[in-house]
Amino acid sequence: MLINLKKMLSTLLAFLYFGIFVAAELPRPRGVSLADASLYAPGETFTCLDGKLTIKYTQVNDDYCDCADSSDEPGTSACPNGRFLCENAGHKSMYIPSSRVNDNICDCCDASDEYASSTQCANNCEELGQEDRQRQKVLADLLKRGSVVRAEMSTKGKALKEEHGGRLNTIQQSIDQAQALMAEREKIKEDAVKLESAALETYKQIIDAEKQRKVELAEQENRAEAEEKFKLFDSNEDGVVEIAEITTRIQFDSNRDGQVDEEEAKYFLEHNDQVDLETFITVCWPRMKPYLMLDAGLFKPPVSTEGKIETTREETTPEEVAARDEEAQDEDGETAELLNEEDAETFDEEETGEGEVEQIEAPSEPEYDDETKRLIEEATKARTEFEAAQRELSDLESEKRQIEELLNKDYGFHEEFAVLNGECFEYEDREYIYKLCPFDRAVQKPKDGSETRLGVWDRWDGKPNKYSTMVYANGAGCWNGPQRSTIVQLECGLDNRITAVSEPNRCEYLFKFETPAACVHTSHVDAASHDEL
Ligand code: MAN
């Protein structure tokens, strides 16, 4: 019933309107809007709208361009820059370039642009108008509902800002207190550490002496071992070890050819024909020892502190030693110095087996007296408390920085975007998962790979509404190109979500993001419901 009434009313209005229009149309040349009709009032002459030329009125729309501003041919395609009005009754009137008049392509929904062409255009303005009005209605409805949520977001955003502002005021006080506490505890710690160090000094001397004793013992053992080997190698007991005495020792077959030749023997004797005991101990022994260890199967790869065999540093296993030896021999054609000085040092450092310099054990903690124990405990406690105060201060300072950063961000006309800060939204396409954390960053992640930064929060950049576009810049560098960047276009929606992601240019990404915060009634949207002709 109501619908029928509305229909009747609109028919009546259209009729009245049409009547006026018909009355007004007579003096209005084709292609001219009602608003411009007075500029084309019938008479003897017509003056071009730029005022530069006056022509006969009959020359208006005579399919010949007279005016430099194209104003004499609004209804034909004769002028290059003219504009033709499609009345489009039932839908929206619009201008088209007059060059499109009678070009056999239907531009106006009321078919008025093809009045003298062979193309038959249908008038579908009513249908299109209805669809458009329906769309506008849905949009208006969405905007209405969205702006309710937007208002809620805005209230929350304002509350958040206020809360942060309040916290900023109190946090400085907490920082001052934390600083004072830290200074106090630092002083206590320093005093306690001084007392502890003094008490430990006596013990330190004991520990150092013990350490020194162990080092000396180890040196003595090493020397004794060297002497023993010297005696063993000096088979003719003439007080020197000679080449011939070394060539009989297969342990020194460094190139693994089954014999120890003169060259090999000389290497171990530091290129001397013979060496006395002292030279043997200081120069030859460090070279020989690794070979004797290898031979005795005592060499073991170094073990890391976690108990794993170290693989990061260059390992020297007997096999590698042999392989390197062969390589070197191939290259030089002569006997290689298989274990160079470095290798020998490595062995010296790593030896663990029987008969060689033992790893000097760290001296065990001595049994402290009760007073020392108490001082150690106090110093430990003072250190722990000082560190806790340090941590508290640094936590407060980082909270302050975060709050300041938050407060300095622009969250929209009414703080409506503030609640999106700290949230992240994902969108998945065939290849990637995209992530947008508003006011922070945009990210791309291949389904089986690691994240690529597509940009960090930079600015608002919408036009005319600044808050309709976000820019995230300075993303990861694009191979052979610029740094990645992302534009986020905001659209009104009832939920916060990414609706589409594309890469219009390489490493330039475009996200569409729906949010109630973007449901703003613009004048355009408001006008949409009154735009019927
Ligand atoms: C990756 C992705 C793509 C980008 C290319 C550029 O594959 O980040 O989006 O186009 O790198 O090399």
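Think of each chain on its own: its residues are numbered from 1, step by step along the sequence as written. Local features are withheld for residues below a pLDDT of 70 in this predicted model, meaning they are given only at 70 or higher, and side-chain atom pairs are given and counted only at 80 or more; totals for whole chains, interfaces and linings count all residues. With hydrogens and water set aside, each side-chain value is computed from the structure's full complement of heavy atoms.

> Explain unusual backbone geometry to me, and be specific about the residues and the numbers.
The general pattern is negative phi for most residues beyond glycine and trans for most peptide bonds. The omega torsion of the bond from Lys-463 to Pro-464 falls at 0°, within 30 degrees of zero and hence cis. Where helices and strands are cited, they refer to DSSP runs of H or I of at least four residues and of E of at least two residues respectively, numbered from the N terminus. For Pro-464, the position within the fold is in the loop between strand E10 (452-460) and strand E11 (469-473). Positive phi outside glycine occurs at Glu-415, with the angle close to 60°. The residue Glu-415 is located in the loop between helix H8 (370-408) and strand E7 (425-428) in this model.

> Describe the pattern of salt bridges, listing the residues and the values that go with them.
One speaks of a salt bridge when a side-chain nitrogen belonging to Lys or Arg is within 4 Å of a carboxyl oxygen belonging to Asp or Glu. One pass over the structure, following the stated rule, counts 30 salt bridges. The residue Lys-373 makes a salt bridge to Glu-367 at a minimum N-O spacing of 3.1 Å. Classification of Glu-367 by relative accessible area gives exposed; the value is 64%. Of the charged contacts, one joins Lys-435 and Glu-451 as a salt bridge, the two residues approaching to 3.5 Å between their closest N and O atoms. Pair noted here: Lys-435 is in strand E8 (residues 432-437) and Glu-451 is in the loop between strand E9 (441-446) and E10, with a separation of 16 residues, a long-range link. Think of it in three bands: with a 1.4 Å probe and only protein chains considered, a residue is buried below 20% of the maximum accessible area for its type, exposed above 50%, and partly exposed in between. Lys-435 sits in the buried class, given a relative accessible area of 17%.

> Can you break down H8 residue by residue, with the values?
With 39 residues, H8 extends 57 Å between its outermost C-alpha atoms, agreeing within 8% with the 57 Å of an ideal straight helix rising 1.5 Å per residue. When H8 is considered as a whole, its buried residues turn out to be Thr-372, Leu-375, Ala-379, Ala-382, Phe-386, Ala-389, Leu-393, Leu-396 and Ile-403. At its buried positions, H8 is contacted by helix H2 (125-233). Think of a polar contact as two N or O atoms within 3.5 Å of one another; within protein, one of them needs to be a possible hydrogen donor and the other a possible acceptor, and neighboring residues in sequence only count if both atoms come from side chains. A side-chain oxygen of the first residue of H8 lies 3.0 Å from the backbone nitrogen of Glu-371; this N-cap is Asp-369. A helix is expected to span 1.5 Å multiplied by its residue count minus one. Whether two residues touch is decided by their heavy atoms; if any such pair falls within 4.5 Å, the residues are in contact.

> How would you summarise the site of the ligand if you had to cite specific residues and measurements?
Taken together, the residues surrounding the ligand are Tyr-432, Gln-444, Cys-478, Arg-484, Glu-503, Arg-506, Cys-507 and Tyr-509. One of the side-chain nitrogen or oxygen atoms of Tyr-432 is found 3.3 Å away from an oxygen atom of the ligand. Contact distances for the ligand include 2.6 Å between an oxygen atom and a side-chain N or O atom of Gln-444. For every accessible area listed, the method is Shrake-Rupley and the probe measures 1.4 Å; residues are considered covered only by the protein chains on display. Out of a free accessible area of 310 Å², the ligand has 69% covered by protein chains. Only Asp, Glu, Lys and Arg are considered charged in this grouping, and only Ala, Val, Leu, Ile, Met, Phe, Trp, Tyr, Cys and Pro are considered nonpolar; every other residue, Gly among them, is considered polar. Its residues assigned to classes, the shell around the ligand comprises four nonpolar, one polar and three charged. The cutoff for a nearby residue is simple: one of its non-hydrogen atoms must lie within 4 Å of the molecule or strand.

> For H2, give the residues involved together with the corresponding values.
For H2, with 109 residues, the first-to-last C-alpha span of 115 Å runs short of the 162 Å given by 1.5 Å per residue. For H2, the principal kink sits at Glu-201 and spans about 40°. Note on bend: at a given residue it equals the angle between the axes fitted to the 7 residues ending there and to the 7 starting there.

> Lay out the packing of aromatic side chains in plain terms, naming residues and giving numbers.
Centre distance within 6.5 Å is the pairing criterion for rings of Phe, Tyr and Trp, where only the six-membered ring of Trp is used; planes under 30 degrees apart are then read as stacked, over 60 as edge-to-face, and the remainder as tilted. Considering all chains together, one arrives at 22 aromatic pairs under this definition. Each ring, one from Phe-233 and one from Phe-280, has its centre 6.1 Å from the other, and the planes form 75°; the classification is edge-to-face. With Phe-233 in helix H2 and Phe-280 in helix H5 (residues 277-296), this pair connects stretches of sequence that are 47 residues apart. On the basis of relative accessibility, which here comes to 1%, the residue Phe-233 falls in the buried class. Taken together, a centroid distance of 5.7 Å and an interplanar angle of 75° make the contact between Trp-457 and Trp-460 edge-to-face. When the NZ atom of lysine or the CZ atom of arginine is within 6 Å of a ring's centre and also within 35 degrees of its normal, the charge is said to sit over that ring. Taking NZ or CZ as reference, Arg-30 lies 3.6 Å from the ring centre of Tyr-115, over its face. Cation over ring: Arg-83 sits above Tyr-95, and NZ or CZ is 3.7 Å from the ring centre.

> So what about the sheet that holds E10? Which residues, and what values?
We call two strands paired when DSSP finds no fewer than two bridges between them. Here eight strands make up an open sheet; going across it, the order is E7-E8-E9-E10-E11-E12-E14-E13 and the pairing mixed. The open sheet has two edge strands with one neighbour each: E7 and strand E13 (497-505). In this sheet, neighbouring strand axes are inclined to one another by 25° on average, regardless of whether the strands run parallel or antiparallel. The pairing of E7 with E8 spans four bridges and is antiparallel. Looking at the pairing, Glu-426 lines up with Lys-435 of E8. Interaxial angle, 0 to 180 degrees, is taken between N-to-C directions of lines fitted to C-alpha atoms, where a helix line uses only the stretch in contact.

> Can you break down the nonpolar core residue by residue, with the values?
In this description, a nonpolar core means a group of buried Ala, Val, Leu, Ile, Met, Phe, Trp, Tyr and Cys residues linked to one another through side-chain atoms lying within 4.5 Å. Formed by 28 residues in total, the largest nonpolar core has its most connected members in Phe-417 and Phe-511. Ignoring anything within four residues of it in the chain, the contact list for Phe-511 reads Tyr-434, Lys-435, Leu-436, Ala-442, Leu-454, Thr-486, Ile-487, Val-488, Gln-489, Ile-498, Ala-500 and Val-501. One finds Phe-230, Ile-246, Phe-252 and Phe-268 within the second-largest nonpolar core, a separate group that totals 20 residues.

> Pulling in residues and values, what's your account of the packing of H2 against H5?
Closest axis-to-axis distance for the H2/H5 pair is 9 Å, and the angle between their directions is 90°. Considered as vectors, H2 and H5 are oriented roughly perpendicular to each other. On the side of H2, the interface is formed by Asn-222, Arg-223, Glu-225, Ala-226, Glu-227, Lys-229, Phe-230 and Phe-233, while H5 contributes Leu-277, Glu-278, Phe-280, Ile-281, Trp-285, Met-288, Lys-289 and Leu-292. Residue classes in the contact of H2 with H5 are distributed as nine nonpolar, one polar and six charged. Each angle receives one of four descriptions, namely roughly parallel if under 35 degrees, roughly antiparallel if over 145, roughly perpendicular if within 65 to 115, and oblique otherwise.

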